Amino acid sequence: MFSYASYTLTAVAALLVTCHALCKCPGIPGLPGIRGRDGLKGWLHPPGLTGPYGSLMGPPGRGHLPQLQGLPGFLDIELDDVLVNLKHRLSRLEGVLALNGKIREVGEKILASNGKEVDFASALESCEEAGGTLATPMNEEENKAVLDIVKQYNRYAYLGIKEGETSGQFKDINGTPLNYTKWHQYEPNGKGTENCVEMYTDGSWNDKKCNLNRLTICEF
């Protein structure tokens with residue numbers, strides 16, 4: 001007699017034999033295989049239509065100035081007419097002043113005097129307040145133009161020239177060394193005690209103390 005255990009083993013053995021005979025029995029799962037090659041890239045499709053704009057406005061950007069718009073065409077024309085008229089009137093005014101001996105034109109410069117005799121600092125201040133500076137001849141032609149005004153008033157005039165840190169070395173108001181000079185004989189001779197420059201009535205230059213009153217001549 002077979003025991004229950006023997007019967008069970010016999011049934012299992014028979015089942016295994018049958019399965020292997022028929023090649024239908026599931027085996028033990030194998031190891032994962034190697035990853036296959038990537039497939040072909042899919043077809044590209046055109047971008048979709050732009051969606052509707054949102055209803056809310058975003059916050060203003062930072063660090064950017066608002067874009068300026070140009071003037072309307074008719075305003076541009078009116079502005080051009082104003083500028084042309086202004087230039088014409090200024091040209092006429094220059095002509096009248098020149099005719100009356102009030103100004104001298106030389107190169108790009110216009111020279112004028114208020115007829116006042118003051119110290120150097122006051123003369124420079126008067127010229128700068130008017131939008132210019134003290135007359136500073138840069139060549140013989142400009143020196144002659146300044147001389148015309150000096151002769152007209154028959155007074156010595158300050159020039160826009162001062163002595164630098166080094167004694168005997170003179171520069172213009174901006175501190176630029178001079179490329180043109182018209183010193184009188186034996187001048188400058190102040191040796192650091194005469195820091196300003198005046199023009200004589202013959203057009204020559206002399207170094208002089210800055211606290212003396214001299215004619216104011218400006219250039220623009």
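Computed from a predicted model, the values in this text were never measured in an experiment.

Thresholds applied
Residues numbered from 1 in each chain as written. Predicted model: local features only at pLDDT ≥ 70, side-chain atom pairs only at ≥ 80, totals over all residues. Heavy atoms only, no water. Phe/Tyr/Trp six-rings, centres within 6.5 Å; stacked < 30°, edge-to-face > 60°. Helix = DSSP H or I, 4+ residues; strand = E, 2+ residues; numbered from the N terminus. Buried < 20%, exposed > 50% of the residue type's maximum accessible area, 1.4 Å probe, protein only. Disulfide = S-S within 2.5 Å. Pairing = 2+ DSSP bridges. Polar contact = N/O pair within 3.5 Å; in protein donor to acceptor, adjacent residues only side chain to side chain. Contact = heavy atoms within 4.5 Å. Arc of directions from axis to C-beta.

Draft legend 1. Representation of the packing of aromatic side chains. Per the stated rule, a full pass over the model turns up five aromatic pairs. Relative to Tyr200, the ring of Tyr156 has its centre 4.9 Å away and its plane inclined at 55°; by these criteria the two rings are tilted. Of the two residues, Tyr156 sits in the loop between helix H4 (140-153) and strand S4 (157-163) while Tyr200 sits in the loop between strand S6 (196-199) and strand S7 (205-208), which places them 44 residues apart along the sequence. Exposure remark for Tyr156: the relative accessible area of 35% places this residue in the partly exposed category. On the basis of relative accessible area, Tyr200 is assigned to the buried category, the value being 17%. Measuring from ring centre to ring centre gives 5.8 Å for Trp183 and Trp205, while their planes differ by 80°; the resulting arrangement is edge-to-face. Of the two residues, Trp183 sits in the loop between strand S5 (170-172) and S6 while Trp205 sits in strand S7, which places them 22 residues apart along the sequence.

Draft legend 2. Region of the structure containing the state of the cysteines. In the structure shown here, the tally under the stated rule is two disulfides. Between the sulfur atoms of Cys127 and its disulfide partner Cys218 the distance amounts to 2.0 Å. Taking the sign of the S-S torsion, -85° for the link of Cys127 and Cys218, the bridge is left-handed. With Cys127 in helix H3 (residues 120-129) and Cys218 in strand S8 (residues 214-219), the pair connects residues that are 91 residues apart, well separated along the chain. An identical accessibility class is assigned to Cys127 and Cys218; each is buried. There is a disulfide in this structure between Cys196 and Cys210, and the S-S distance comes to 1.9 Å. Its S-S torsion of about 105° marks the bond between Cys196 and Cys210 as right-handed, since a negative value means left-handed. Here Cys196, found in strand S6, pairs with Cys210, found in the loop between S7 and S8; they are 14 residues apart in sequence, far enough to count as distant. Residue classification places Cys196 among the buried residues on the basis of a relative accessible area of 0%.

Draft legend 3. Geometry of unusual backbone geometry. Backbone torsion omega between Glu187 and Pro188 reads -5°, so that peptide bond is classified as cis. Structurally, the position occupied by Pro188 is in the loop between S5 and S6. Residues other than glycine seldom take positive phi values, yet Asn154 does so here, at roughly 55°. Mapped onto the elements, Asn154 comes out in the loop between H4 and S4. Given the relative accessible area of 52%, Asn154 is considered exposed. One non-glycine residue with positive phi stands out, namely Lys191, at about 55°. Structurally, Lys191 can be placed in the loop between S5 and S6.

Draft legend 4. Layout of the pairing of S7. One ladder, built from four bridges, connects S6 with S7; its direction is antiparallel. Residue pairing in the sheet places Glu198 in a bridge with Asn206 of S7. Connecting the antiparallel pair S6 and S7 is a turn made up of five residues, with Gly203 showing a positive phi of about 90°.

Draft legend 5. Here's a closer look at the side chain of Arg214. Mapped onto the elements, Arg214 comes out in strand S8. Given the relative accessible area of 17%, Arg214 is considered buried. Only 2.5 Å separates the side chain of Arg214 from the side chain of Glu198, close enough to count as a polar contact. When neighbours within four sequence positions are excluded, Arg214 is seen to be in contact with Lys116, Glu117, Val118, Tyr156, Ala157, Tyr158, Glu198 and Lys208.

Draft legend 6. How the structure looks around H3. Those residues of H3 that sit buried are Phe120, Ala123, Leu124 and Cys127. Looking straight down H3, one finds its buried side chains confined to an arc of 95°; they lie on one side. Exposed positions of H3 whose direction lies more than 90 degrees from the buried face are Ala121 and Glu129. Buried-residue contacts for H3 involve strand S2 (109-118), strand S3 (133-134), S4, S6 and S8.

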